[in-house]
Amino acid sequence: MTPKPRRRLTALMLVGVWSMASSPISAERGSQPSAPQLSLADQRYLTQVARRTIERHVLDGGDYTPSYVPPSLAGSIAGCVVTIRHHGQVLGGGAAAPGPVLEACRRAAFAAIDKVAETRPVDLDLLDLVVIGVEVLGAPVELTLADDFNDIEALERLVEPGVDGVILTVGGRTKQFLPSEIVNQNVTVSDALLSLAEQLTTTQAELAGARVGRFRTCEWHERTPGGQVVELHRGMTLVEPDQVTRATLTIAAERLADYMVRRQRVDGLFGYQYEPSLDRYTDVDDLAHQAGATWALSAYARATDRSGVRVAALTALHYLADRARDLPGEPGVACVVSPDEENAAGLTAASVLAMIDHPDRELFADRRDRLISGLLWLQQDDGRFLTAFPPARHLAGQTVQPGLVLLALARAYDLRPRADILTSFDAALPFYRRLFRSEPDAAFCVWQMQAFAAMARHTKRRDYAEFTFQMADWLLGFQLDGRNCVYPELHGGLAPYGPGRVGVSTAAYLEGIADALDVALRRNDSTRSTEYERALRNGVRFVLQLQVRPEEAYYSPAPSEMVWGVRASPTNNLLRIDSCHHALTALTKTSSVLYRESDSAAGR
């Protein structure tokens, strides 16, 4: 997208800040800002003060003065922001400069309700419908940047999105962008700073002497009008390790499956990408990811026998099956064609997996067998797989799609053992093992782990198991925990591309690690079993946090489009169907392998 001229100008002006600022600096983080430490009891108390302040102001214009101040708040100095919302819409917000925190909360509440009154009549009936959010601000710390620092996007390295807010001061005027705004508006730190600059100045000369800082907050919101409050971390509810139970995984999967079903379109596929900050579904789509969602729902329907999910998956599966076409000159060999004629191998592979795992799989037996033959047709003499069918035949992209093809073949072998599939795996193993050793990649591991784990279970082959373990062991080196990450909400996430990119891809990695654990248990590998189980528990804790709870949709005008879906990352609230299908599979597979012994003991 081409930036607007004014935005491009502002970006150029900001570049000048680093060389023109009156007190610049060094590229070190320097001192760390800190968030105010407020207990849940303190949060409830301040929210009650805000609400009673507003009610008294609306009732008779009077001033509410609490008769008791908890000792934990006495002497606390902080700024405060109070926001009043109705069905996600901000009716009014108010901010108060640093002062005694109780007084700052009251002043912010006054400012918020006065803002509401500018646009609509305010009465006590309205207050019964609104929810209140409070953000208490810690002291800002000025950022210091190197003299030669001229890339504003490098600011991302100095500011932790969703944890740090940014503050810009120009000529004695100050504007701030809250951490919560960065999350719920889906903006980068750089864009937040550009927005502040646009509000404060129009010329580069005015930016001389500008100061940039960062700060942290303690943020919470009412669950319901006047109800309990919940503290959010990067817009998420913190899930504690002891909350990872069979029941929580089961409930989370049920809610997620229902959410995906609600997103089904009239053509049988699913709303692909929802942007909560704009309340819209985007025009982008990906048929291979749609097939993946169909597969996830098919497998879930088979495991749970839930009729609504079964029907939804069947409807989507008919759409995919109707796109099966025989290859020219290759009788009995077919692929699933895409509207753009790219005909990615992964599209056919995911469709085959859905046909295998759906409870009504026999409806597709003929087309499934032709598609399996098509997947085998893709393999070359050196063991690799083409990654698309004609007319888009090519060898590129060996990282992701071949693993999905192999997984589809492994599941076909599970359905009916076939010598040609085993031969295909024997040819593929040396090629993809060499590729992984020379160019290890996390995306490669997702499907390859699952494929070779499946064949290791069937054949009890040591080489298949060892390749699975090799990938799992490497991948777990990127799991975040207290040793390499100071943010508890990120612990358990797998971040092979850097901590700043940890997100729902963790769910995809867990799918393979769950299978690796299953193989380790079968081979009595106690060391790996212990390590993989720990990694799964920690990882699924992180994934549970990505599922949107009602209180986390406080900013959405259409919460039903968000609640129980899965966001892309802690700081990216896009809800894509592929994020949902990976999370659904990870939740069900993790539950199955972690609680297999309790299931067996109960006679399940």
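Up top you'll find the structure we're talking about.
Participant: For the pairing of strand E8 (residues 229-232), give the residues involved together with the corresponding values.
Facilitator: Two strands pair when backbone bridges link them, and strand E7 (residues 211-222) and E8 are joined in this way by four bridges, in the antiparallel orientation. Across the sheet, residue Trp220 finds its bridge partner in E8, namely Glu231. Count of turn residues in the E7/E8 antiparallel hairpin: six residues, of which Gly226 carries a positive phi of about 75°.

Participant: Lay out unusual backbone geometry with the relevant residues and their values.
Facilitator: With an omega of 10°, the peptide bond between Pro390 and Pro391 qualifies as cis. You will see that His87, though not glycine, has its phi angle at about 50°, which is positive. Tracing the chain through its elements places His87 in the loop between strand E1 (77-86) and strand E2 (89-100). By relative accessible area, His87 is classed as exposed at 60%. Of note in the backbone geometry, Asn343 takes a positive phi value of approximately 50° without being a glycine.

Participant: Give me the lowdown on the packing of aromatic side chains, citing residues and values where you can.
Facilitator: Applying the stated criterion to the full structure yields 15 aromatic pairs. Ring geometry for Tyr432 and Phe444: centres 6.3 Å apart, planes at 40°, overall tilted. Placement of the pair is Tyr432 in helix H13 (residues 419-438) and Phe444 in helix H14 (residues 442-459), with a sequence separation of twelve residues. The burial state of Tyr432 is the same as that of Phe444; both residues are buried. Ring geometry for Phe452 versus Tyr464: centroids 5.6 Å apart, planes at 65°, classification edge-to-face. Here Phe452, found in helix H14, pairs with Tyr464, found in helix H15 (residues 462-476); they are twelve residues apart in sequence, far enough to count as distant. Within the aromatic cluster, the residues linked to one another by ring pairs are Phe425, Phe431, Tyr432, Phe436, Phe444, Phe452, Tyr464, Phe467, Trp474 and Phe478. The aromatic ring of Tyr487 is capped on one face by Arg234, whose charged end is 4.7 Å from the ring centroid. Above the face of the Tyr464 ring, Arg461 is positioned so that its terminal group lies 4.3 Å from the ring centre.

Participant: Give a detailed account of the environment of Phe478, specifying residues and quantitative values.
Facilitator: Tracing the backbone shows Phe478 in the loop between H15 and helix H16 (505-522). Judged by relative accessible area, which is 26%, Phe478 ranks as partly exposed. Setting aside its immediate chain neighbours within four residues, Phe478 contacts Gly493, Leu494, Ala495 and Pro496.

Participant: Let's hear about the nonpolar core: which residues, and what values?
Facilitator: Formed by 139 residues in total, the largest nonpolar core has its most connected members in Leu256, Leu375, Leu409, Phe425, Ile513, Tyr532 and Leu584. It is H14 that contributes the most residues to this core, twelve residues altogether. Filtering out sequence-adjacent residues up to four positions away, Tyr532 remains in contact with Phe469, Ala472, Asp473, Leu476, Ile513, Ala516, Leu517 and Ala520. With 32 residues, the next largest nonpolar core counts Val82, Leu91, Leu102 and Ala104 among its residues.

Participant: So what's going on with the packing of H14 against H16? Which residues, and what values?
Facilitator: Closest axis-to-axis distance for the H14/H16 pair is 8 Å, and the angle between their directions is 30°. The angle between H14 and H16 falls in the class roughly parallel. Crossing handedness for the pair H14 and H16: left-handed. Note on element contacts: H16 touches H14 through Ala508, Tyr509, Glu511, Gly512, Ile513, Asp515, Asp518, Val519 and Arg522, opposite Ala442, Val446, Trp447, Met449, Gln450, Ala453, Ala456 and Arg457. Residues of the contact of H14 with H16, tallied by class, amount to ten nonpolar, two polar and five charged.

Participant: Run through the layout of surface pockets, naming residues and quoting values.
Facilitator: Within this model, the second largest pocket holds a volume of roughly 1100 Å³. Taken together, 33 residues make up the lining of the second largest pocket; nearest its centre are Ala299, Ala303, Thr588, Lys589 and Ser592. Elements represented by at least two residues in the lining of the second largest pocket include exactly helix H7 (246-262), helix H8 (287-304), helix H12 (401-415), H14, H16, helix H18 (577-594) and helix H19 (596-601). In the lining of the second largest pocket, the residues fall into 13 nonpolar, eight polar and twelve charged.

Participant: Tell me about helix H3 (residues 101-117), residues and numbers included.
Facilitator: Compared with the 24 Å implied by 1.5 Å per residue over 17 residues, the 24 Å span of H3 between its first and last C-alpha is a close match. For H3, every residue scored as buried is listed here: Val101, Leu102, Ala104, Cys105, Arg106, Ala108, Ala109, Ala112, Ile113 and Val116.

Participant: Can you explain the sheet that holds strand E9 (residues 273-275)? Please cite residues and give values.
Facilitator: Strands sit in the order E10-E9-E13 across an open sheet of three strands; the sheet is antiparallel. Each of the sheet's edge strands pairs with one partner strand only, and the pair in question is strand E10 (280-281) and strand E13 (575-576). In terms of strand pairing, E9 meets E10 through two bridges, oriented antiparallel. Bridged to Tyr274 within E10 is Tyr281.

Participant: Residues and numbers for the state of the cysteines, please.
Facilitator: Linking two cysteines covalently via their sulfur atoms produces the bond known as a disulfide. Tallied over the entire structure, the rule returns zero disulfides. Here Cys218 is not cross-linked by a disulfide; its sulfur's nearest cysteine counterpart is in Cys80, at 10 Å. Taking the relative accessible area as the measure of exposure, Cys218 reaches 3% and is therefore buried.

Scoring rules and cut-offs
Per-chain numbering applies: the sequence of each chain, read as written, is numbered from 1 onward. The predicted origin of the model limits local features to residues at a pLDDT of at least 70 and limits the giving and counting of side-chain atom pairs to 80 or more, whereas totals for whole chains, interfaces and linings rest on all residues. Excluded from the side-chain calculation are hydrogens and water; included are all heavy atoms of the structure. Whether two strands pair comes down to DSSP finding at least two bridges between them. In this description a helix means any DSSP run of H or I spanning at least four residues, a strand means any run of E spanning at least two, and both kinds are numbered starting from the N terminus. Exposure classes here rest on a 1.4 Å probe applied to the protein chains alone. A residue is buried below 20% of its type maximum, exposed above 50%, and partly exposed in between. Between 30 and 60 degrees the pair is tilted, below 30 it is stacked and above 60 it is edge-to-face, where a pair is any two Phe, Tyr or Trp rings, Trp via its six-membered ring, whose centres lie within 6.5 Å. The criterion is that NZ of a Lys, or CZ of an Arg, lies within 6 Å of the ring centre and within 35 degrees of the ring normal, and then a charge sits over that ring. Note on contacts: a residue pair is in contact if any heavy atoms of the two residues lie within 4.5 Å. For our purposes a nonpolar core is just a set of buried Ala, Val, Leu, Ile, Met, Phe, Trp, Tyr and Cys residues, chained together by side-chain atoms within 4.5 Å. Under this scheme, a helix contributes an axis fitted over its contacting stretch, all axes are lines through C-alpha atoms, and angles between N-to-C directions fall in the 0 to 180 degree range. Angular relationships are summarised with four words: roughly parallel below 35 degrees, roughly antiparallel beyond 145, roughly perpendicular across 65 to 115, and oblique for the angles in between. What makes a crossing left-handed is the near helix being turned counterclockwise from the far one by less than a right angle; a clockwise turn instead makes it right-handed. Here the term charged refers only to Asp, Glu, Lys and Arg, the term nonpolar to Ala, Val, Leu, Ile, Met, Phe, Trp, Tyr, Cys and Pro, and the term polar to all other amino acids, Gly among them. Lining residues are defined by having an atom within 4 Å of a point belonging to a cavity or pocket. Those points lie on a 1 Å grid over the protein atoms alone, cavities being sets where a 1.4 Å probe fits but cannot get out and pockets being open sets with protein on both sides within 12 Å along at least five of seven lines. Grid points are joined across faces, edges and corners, and a volume is the space filled by probe spheres set on the points. Any helix carries an expected span of 1.5 Å times its number of residues minus one. The term disulfide is used for any two cysteine sulfur atoms that are within 2.5 Å.

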